[in-house]
Amino acid sequence: MALHTAQYALVLCVLVCSLSTAMALKCWDCRSDSDPKCADPFDNSTVPITDCRTLGNLEHLPGVRPTMCRKIRQKVNGEWRYFRSCAYMGEPGIQGDERFCLMRTGTYNIFMEYCTCNSKDGCNSAGSLKGNIVLGIVVTCLWSFVHLVRL
Ligand SMILES: *[C@@H]1O[C@H](CO)[C@@H](O)[C@H](O)[C@H]1NC(C)=O
């Protein structure tokens with residue numbers, strides 16, 4: 001009986017976990033040089049949101065699908081530029097924490113901040129990206145699984 005419950009729980013967890021990661025992700029898609037509302041503070045009123053599933057593959061990355069959103073903040077010659085879109089490469093956040101972004105300082109007075117996320121639709125809106133729903137689900141699943149097995 002206990003094993004049955006545990007098995008159901010495991011199947012349910014695997015389902016929920018794989019669904020939540022395979023689910024379609026939508027990302028804001030804009031660049032501040034053509035729409036100033038793309039900058040921070042972000043104003044989504046005129047910015048389109050793109051279903052990353054509808055995007056094609058990249059020529060130089062065959063078979064790689066966009067599974068994340070990204071936000072790039074660039075300072076070039078003292079001027080900020082923002083780019084938001086679906087992302088093909090990298091991992092969400094820094095070591096899984098979406099509050100953190102990759103920072104790069106280049107030559108010629110260029111500063112770049114690169115944020116990626118996949119926790120929810122439109123997660124590339126905020127100044128700092130927050131929350132990781134997938135991690136939350138995995139932890140909840142593991143917790144309930146362990147709990148059920150003990151019963
Ligand atoms: C756009 O921004 C408003 C205000 O912050 C928010 O309530 C709304 O949910 C956003 N729209 C989408 C599609 O996320």
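First things first, this report covers the structure right here in the doc. (Residues numbered from 1 in each chain as written. Predicted model: local features only at pLDDT ≥ 70, side-chain atom pairs only at ≥ 80, totals over all residues.)

Here we come to the nonpolar core. Core analysis: the biggest nonpolar cluster contains 15 residues, and C27, C69, C86 and C117 have the highest contact counts within it. Every element with two or more residues in this core is listed here: strand 1 (26-28), strand 4 (68-76), strand 5 (79-87) and strand 7 (110-117). With three residues, the top contributor of residues to this core is strand 5. Contacts of C27, omitting those with residues within four sequence positions, involve I49, T50, C52, C69, R84, S85, C86, G122 and N124. (Core = buried A, V, L, I, M, F, W, Y, C linked by C-beta atoms within 7 Å. Buried ≥ 20, exposed ≤ 12 C-beta atoms within 10 Å, placed from the backbone. Helix = DSSP H or I, 4+ residues; strand = E, 2+ residues; numbered from the N terminus. Contact = placed C-beta atoms within 7 Å.)

What follows concerns the environment of C27. As for its position among the elements, C27 is in strand 1. C27 gets classed as buried once you count the C-beta atoms within 10 Å, which come to 27.

Let us look at the environment of L25. With respect to the helices and strands, L25 occurs in the loop between helix 1 (2-22) and strand 1. Classification of L25 as buried rests on a count of 25 C-beta atoms within 10 Å. Residues L25 and C52 lie 27 residues apart in sequence; the distance between their C-alpha atoms is 5.9 Å. Non-local contacts of L25, meaning those with residues more than four positions away in its chain, are made with C52, T67, C69, N118 and D121.

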